[in-house]
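Architecture at a glance
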Amino acid sequence: MARRTKIYEGTAKILYEGPEPGTIVQHFKDDTTAFNAEKKAVIEGKGVLNNRLSEFFMTGMTQVGIPNHFIKRLNMREQLIREVEIIPIEVVVRNWSAGSFAKRFKREEGERLPRSIVEYYYKSDELGDPLITEEHITAFGWAHPHDIDEILALALRINDFLTGLCLGIGLRLVDVQLEFGRLWENEQMRIVLADEISPDNCRLWDLETNEPMDKDRFRKDLGRVEEAYQEVARRLGILPESGPS
Ligand code: TMP
């Protein structure tokens, strides 16, 4: 195969130039980090699972009219996506208290929130992704007020969609982190969901036991990380071709 042009490499993913203009190949790695890369590991087979899981979630969203960057899966670790201009904000939707929220407000993990709460964080490794408000977003020109309205509405729809899907397989969607991008088509701009949806960027707890089935198993050294990702894929009826038996 001809050498491809690498556009970006992060911890968990590599982006390559796609076969046609406006497309990108998103490659999922097994590497993982936590706490701003203080903690590192390789989770065998994670990339293969996240490629399938993200395909599953994005395809489902396309079917219900939630715009996203996914085009098609190419192979075990790669998918073709649309090139978008990433908005430098991490949007977190929380349904139950956990993680940094539980810490900030001194709440127990697993408390039901009065309603879904949407938070924004500025994507900056250097600053450690600080919590921000709409004021910061508009003042620094990261997005226009009408973009923020669109992002908020999409984030809540995505949260509803994923919550329902997870309930159907005995999982609670505790929270989820989303990224959005601007997609340009004939001078028209649309905001679409980008990045990935996988146990790397959401919290999924077993409905009966409250066992985390996501990256918190790695963050908190709970063990059986691969098994948790596999279990989510198994419950959804998807496992990679060569995947674990
Ligand atoms: P938090 O409770 O640590 O702020 O995390 C909120 C959600 O965002 C949780 O589902 C994990 C996810 N997340 C990421 O996807 N990337 C990150 O860098 C962090 C810190 C959290």
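Here we summarise the structure given alongside this text. (Residues numbered from 1 in each chain as written. Predicted model: local features only at pLDDT ≥ 70, side-chain atom pairs only at ≥ 80, totals over all residues. Heavy atoms only, no water.)

**Digging into the site of the ligand**
Of all residues adjacent to the ligand, which total 13 residues, the nearest are Arg94, Ser100, Asp175, Gln177 and Arg203. Contacts to the ligand include Arg94, whose side-chain N or O atom sits 2.8 Å from an oxygen atom. Across the complex, the protein chains shield 76% of the 450 Å² of accessible surface that the ligand would expose by itself. Of all elements in the fold, only strand 9 (89–96), helix 2 (99–104), strand 12 (171–178) and strand 15 (202–206) reach the threshold of two or more residues within the shell around the ligand. (Near = heavy atom within 4 Å. Polar contact = N/O pair within 3.5 Å; in protein donor to acceptor, adjacent residues only side chain to side chain. Areas by Shrake-Rupley, 256 points an atom, 1.4 Å probe, with all protein chains shown as cover. Helix = DSSP H or I, 4+ residues; strand = E, 2+ residues; numbered from the N terminus.)

**Examining the nonpolar core**
Core analysis: the biggest nonpolar cluster contains 47 residues, and Val91, Tyr120, Ile158, Leu178 and Phe180 have the highest contact counts within it. Secondary-structure elements contributing two or more residues to this core are helix 1 (46–63), strand 9, strand 10 (112–122), helix 4 (145–167), strand 12, strand 14 (188–193), strand 15 and helix 6 (225–235). In terms of residue count, the dominant contributor to this core is helix 4 (8 residues). Excluding residues within four positions of it along the chain, Phe180 makes contact with Glu85, Ile86, Ile87, Val91, Ile151, Leu154, Ala155, Ile158, Ile191, Val192, Leu193 and Ala194. (Core = buried A, V, L, I, M, F, W, Y, C linked by side-chain atoms within 4.5 Å. Buried < 20%, exposed > 50% of the residue type's maximum accessible area, 1.4 Å probe, protein only. Contact = heavy atoms within 4.5 Å.)

**Some thoughts on a negative patch on the surface**
A contiguous patch of negative charge on the surface is contributed by Glu134, Glu135, Asp149 and Glu150. Secondary-structure elements contributing two or more residues to the negative patch are helix 3 (134–139) and helix 4. With respect to the secondary-structure elements, Glu134 resides in helix 3. We classify Glu134 as partly exposed; its relative accessible area is 40%. (Patch = residues over 30% accessible without salt bridge, like charges linked within 9 Å, V, L, I, M, F, W, Y side chains within 5 Å. Salt bridge = Lys/Arg side-chain N within 4 Å of Asp/Glu carboxyl O. Lys, Arg positive; Asp, Glu negative; His and termini not counted. Charge placed at Lys NZ, Arg CZ, Asp CG, Glu CD.)

**What to know about the sheet that holds strand 13 (residues 180–185)**
Within the open sheet, the 3 strands sit side by side as 8-13-14. Their pairing is antiparallel. Since the sheet does not close on itself, it has two edges, and those belong to strand 8 (85–86) and strand 14, each with one partner. As judged from the 6 bridges shared by strand 13 and strand 14, these two strands associate in the antiparallel manner. In the sheet register, Trp184 faces strand 14, and the bridge partner there is Met189. Set on the sheet, helix 4 makes contact with strand 13 and strand 14; between it and strand 14 the angle comes to about 35 degrees. (Pairing = 2+ DSSP bridges. Axes fitted to C-alpha atoms, helices over the stretch in contact; angles between N-to-C directions.)

**A closer look at the pattern of salt bridges**
If you walk through the whole model with that rule in mind, you get 27 salt bridges. Note that Lys123 is salt-bridged to Glu179, the shortest N-O span being 3.1 Å. Here the residue Lys123 occupies a position in the loop between strand 10 and strand 11 (131–132), and Glu179 occupies one in the loop between strand 12 and strand 13, the gap between them amounting to 56 residues. According to the relative accessible area criterion, Lys123 is partly exposed, its value standing at 31%. For Glu179, a relative accessible area of 8% gives the class buried. With a shortest N-O distance of 2.9 Å, Glu211 and Arg217 are connected by a salt bridge. By relative accessible area, which is 34% here, Glu211 ends up partly exposed.

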